[in-house]
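Single-letter residue listing:
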2 protein chains.
Amino acid sequence: MKERRTPTFSRWKVKGSLIKLVYFSTNSDDSSSSNDSLAASNGDRGSPVLEGKLHFAKFETQKINDCIDFIRSKQLRLTGSEQHGASGSAKCVIKATGGGAFKYADLFKEKLGISLDKADEMDCLVAGANFLLKAVHPEAFTYMGGQKEFVKIDHEDLYPYLLVNIGSGVSMIKVDGPGKFERVSGTNVGGGTFWGLGKLLTKCKNFDELLELSHQGNNRVIDMLVGDIYGGMDYTKIGLVSTAIACSFGKAISDNKELEDYKPEDISRSLLRMISNNIGQISYLNALRFGLKRIFFAGFFIRGHAYTMDTIAVAVHFWSKGEAKAMFLKHEGFLGALGSFMSYEKHGFEDLKVHQSVQQSPVGASLGGDKSHDPPNGDLNENQSIDCSVYLSQ
Amino acid sequence: MKERRTPTFSRWKVKGSLIKLVYFSTNSDDSSSSNDSLAASNGDRGSPVLEGKLHFAKFETQKINDCIDFIRSKQLRLTGSEQHGASGSAKCVIKATGGGAFKYADLFKEKLGISLDKADEMDCLVAGANFLLKAVHPEAFTYMGGQKEFVKIDHEDLYPYLLVNIGSGVSMIKVDGPGKFERVSGTNVGGGTFWGLGKLLTKCKNFDELLELSHQGNNRVIDMLVGDIYGGMDYTKIGLVSTAIACSFGKAISDNKELEDYKPEDISRSLLRMISNNIGQISYLNALRFGLKRIFFAGFFIRGHAYTMDTIAVAVHFWSKGEAKAMFLKHEGFLGALGSFMSYEKHGFEDLKVHQSVQQSPVGASLGGDKSHDPPNGDLNENQSIDCSVYLSQ
């Protein structure tokens, strides 16, 4: 199976900032695990199995040509179907979801001769989340006070849950089972608002730079705290401590300062806190509305960024008076792309089994401002990849 | 009663942007109505009555000296108590609530020899709202598609309701009856965020100027709409029309533009829409949570501004799928100050009766961008005043 390449899928973030790619490659030199798995699977299924890895890559949409070169260089194409009798046309198809699937169809056809087969975004997000929560461990974790704690998911007690996908905008999806879900809410104040407003306010050149800045900033410089209003005192009667934010960017009202007089770090921090807190609050209110115990936050806005997760977790804790807990996903940004991967049946791809848990990335990586997520070639570091088998229908 | 002046109260917006003043003046030359009322009241109550008007004024906190001059020039002081046997000290007291009551106590003592008697802000907001909703008609109105429609409030069926006070920050209060309430939620993304961020982004010099700008702006220049993502199409499966905002300020991500390349009007419009929509959504979710049918929006953020009310109303309509209706209050910005007014019992002020409904301000006034709210001397135009009687205890 040395030469074989199997399905690859790219997915454009609906709200247009990132391209995510999930692709599978076989283990060309790991015969032992391959044989083990083959034996097992032949016994179980009598269908051919590819042993390999799922890889994850992302590209900024404006650098779409890097993505196309990446696909070409890795010779990523749909060959699984060739071997397994799907129609000839199928071999030139890539599953895609999100707005880019509409926007860039022509470009892909022209540059790679590949047609984009559109999959519904919500379907893909949910399929991706269900796959990660069921098949991969460790995947879900809580984040509090700088501590990342992986959570063992009870497969029998997974549903219902609230999936909050924070892309440029935010979708809140009540998931009741495989393929059973409803988008119950959302907000237009999301990652794209952080990046868009942040770009205008700080002149940062990219999202990660802005996120990095926030790490060094102090929101109290610009936010008006309860203590600023009540002469340093809490407003205990309504349960507001003096350090709570009464009004994001409220100090800018009274300060005789121009935009240039504020440090970009502080602006970025206030912006991140405002948006993360708002998303946490609206998410909790929706979980409460439908009696959902679990809220999983995903989407590339988070980027494993400690302060983002901490703010969301604190918001959920605050608004739920400690009754609800925010959980995060290790492969947070790839739900849609993974979901596309799941939808390949008709192209000969039948099933995906993860038979070895993915190596856990150290907490430090996320505290460090998440460099691991943005390597030059778009590829994520290996500890993000997932060892798995792909079962192909005959 | 020519010379007599009665209690006056000033109130600082908690989050520090505005000072609101409510004061009462007697009708020095309206003997007939005065006599009528006196006669009636003597029969009923045997206590002296002052016939007059409640006036409303506001000042920017940074222009606090204008406020102090205004109080001095109008000779506003607490003389009601002198005539009615309250302690001598009481005559130099002004009821105040909000953060300013802490911040400016010394200044008032020094400049006017008046002590600020602090009243709890939530108590005052609720007392003010209950007074307006019960005593004044027309007061509450709905706003849809540019149409202002006054609502008759059934006094027997007023409670419970959700009071959303949008100041610099936002408080959401579940009101179950007179003095019976709980602050159930709120958001730190409020009027101060609009003004603070707006000031940084547009260099506007005051809140009303920024609000005015938004009136001429187009949010589609900066906001990313669902249609921008899905090639002009709706995302009908999840009920999002192509014109819905997918991501506030999302276009700033992909546009190769600097802040200076955007028109302040468009920025202000996007900002106003982002914040109004967010407040509407969180308010509805809280009304839903407690099964509240009515949501009243107040606070000086609104300023009778058509587009603000329209966005809030549309948000409540959208998120409630038409089941909830946003209502607004004519004296939106004076709830706290009115509430302070209600708390003067121990100073000889016993009861306040509105015996003539306040003249309705024309719809045009709010569509016109609410000039009526900001006259140079801080006084509101006469059609905002309320004819009433003040009963004084012996």
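Residues numbered from 1 in each chain as written. Chains lettered and ligands numbered in written order. Predicted model: local features only at pLDDT ≥ 70, side-chain atom pairs only at ≥ 80, totals over all residues. Heavy atoms only, no water.

Q: Tell me about the overall build of chain A, and please be specific about residues and values.
A: When its secondary structure is counted, chain A shows 14 helices and 16 strands. Here chain A, with 394 residues, has 62% of them falling under the buried criterion. Here the analysis covers contacts within chain A between residues at least 6 apart in sequence; of these, 73% occur between residues at least 24 apart. Accessible surface, chain A: about 14,400 Å² in total, of which carbon and sulfur atoms supply 49%. (Helix = DSSP H or I, 4+ residues; strand = E, 2+ residues; numbered from the N terminus. Buried < 20%, exposed > 50% of the residue type's maximum accessible area, 1.4 Å probe, protein only. Contact = heavy atoms within 4.5 Å. Areas by Shrake-Rupley, 256 points an atom, 1.4 Å probe, with all protein chains shown as cover.)

Q: Report on the sheet that holds strand β6 (residues 140-144) of chain B, specifying residues and quantitative values.
A: Residues and elements named next belong to chain B. Spatial strand order, β7-β6-β14-β13-β8-β9-β10: seven strands in an open sheet with mixed pairing. Every interior strand has two partners, whereas the edge strands, β7 (147-150) and β10 (180-187), have only one. Each neighbouring strand pair of the sheet contributes to a mean axis angle of 30°, computed without reference to strand direction. In this sheet, β10 lies alongside strand β9 (residues 170-177) in antiparallel orientation, the contact comprising seven bridges. Note that in β10 the partner of G177 across the bridge is K180. (Pairing = 2+ DSSP bridges. Axes fitted to C-alpha atoms, helices over the stretch in contact; angles between N-to-C directions.)

Q: I'd like to hear about the sheet that holds strand β13 (residues 294-298) of chain A, residue by residue, with values.
A: Residue and element names in this part refer to chain A. The seven strands lie next to each other as β7-β6-β14-β13-β8-β9-β10, forming an open sheet whose pairing is mixed. Sheet topology places β7 (147-150) and β10 (180-187) at the edges, where each strand pairs with a single neighbour. Neighbour to neighbour, the strand axes of the sheet diverge by 30° on average, direction disregarded.

Q: Describe the packing of helix α11 (residues 264-289) of chain B against helix α12 (residues 306-319) of chain B, listing the residues and the values that go with them.
A: Between two packed helices, the angle of one axis relative to the other and the distance separating the axes together describe the packing. Residue and element names in this part refer to chain B. Two numbers describe how α11 lies on α12: the axes approach to 8 Å, and their chain directions differ by 40°. The angle between α11 and α12 places the two elements in the oblique class. Remark: the crossing between α11 and α12 carries right-handed chirality. Here R269, L272, R273, S276, N277, G280, Q281 and Y284 of α11 come into contact with α12, specifically with Y307, T308, T311, I312, A315, V316 and W319. (Parallel < 35°, antiparallel > 145°, perpendicular 65-115°, else oblique. Left-handed = near helix turned anticlockwise from the far one by under 90°.)

Q: For the pairing of strand β3 (residues 49-60) of chain A, give the residues involved together with the corresponding values.
A: Residue and element names in this part refer to chain A. Most of β3 is tucked away: 10 of the 12 residues are buried. In the sheet, strand β2 (residues 18-26) pairs with β3 via nine bridges, with the strands oriented antiparallel. The residue of β3 that forms the bridge with S25 is K53. Bridge analysis of β3 against strand β16 (residues 386-392) gives six bridges, and the strand direction is antiparallel. What sits directly across from G52, in β16, is C388.

Q: Provide a residue-level description of the relation of the copies chain A and chain B, including the pertinent values.
A: Of the transformation placing chain A onto chain B, the axial shift is 0.0 Å and the rotation is 180°, giving an RMSD of 0.0 Å. Here the copies are linked by what is in effect a two-fold axis. Most of the interface of chain A is mirrored in chain B, where 100% of its interface residues again form contacts. (Least-squares fit on C-alpha atoms with pLDDT ≥ 70 in both.)

Q: Describe the interface of chain A and chain B, naming the residues involved and giving the relevant values.
A: Contact residues are listed per partner, giving 63 residues for chain A and 63 residues for chain B. Its largest share of buried area at the contact with chain B, chain A owes to N188, L200 and I253 of chain A, together 13% of the area lost on that side. The tally of links from chain A across to chain B stands at four salt bridges. The shortest N-O distance in the salt bridge between E260 of chain B and K203 of chain A comes to 3.7 Å. Applying the counting rule to chain A against chain B returns 17 residue pairs in polar contact (both at pLDDT 80 or more). Broken down by secondary-structure element, the contributors of at least two residues to the side of chain A that touches chain B are α4 (100-103), α6 (121-135), β10, α7 (191-202), α9 (226-229), β12 (245-247), α10 (251-254) and α11 (264-289) of chain A. Ranked by the residues each element gives to the side of chain A that touches chain B, the list is headed by α11 of chain A, at 10 residues. Class assignment of the residues belonging to the side of chain A that touches chain B gives a composition of 29 nonpolar, 19 polar and 15 charged. (Buried area = accessible area lost by both parts, 1.4 Å probe. Salt bridge = Lys/Arg side-chain N within 4 Å of Asp/Glu carboxyl O. Polar contact = N/O pair within 3.5 Å; in protein donor to acceptor, adjacent residues only side chain to side chain. Nonpolar A, V, L, I, M, F, W, Y, C, P; charged D, E, K, R; others polar.)

Q: An account of the pattern of salt bridges is requested, with residue identities and associated values reported.
A: A complete count under the given rule lists 20 salt bridges over all chains for this structure. For E258 of chain B, the salt bridge is made with K203 of chain A, and the minimal N-O distance between the two is 3.6 Å. One end of the pair, E258 of chain B, is in the loop between α10 (251-254) and α11; the other, K203 of chain A, is in the loop between α7 and α8 (207-216), on a second chain. Ionic contacts of the salt-bridge type, sharing partners, join the residues D157, K293 and R294 of chain A into one network.

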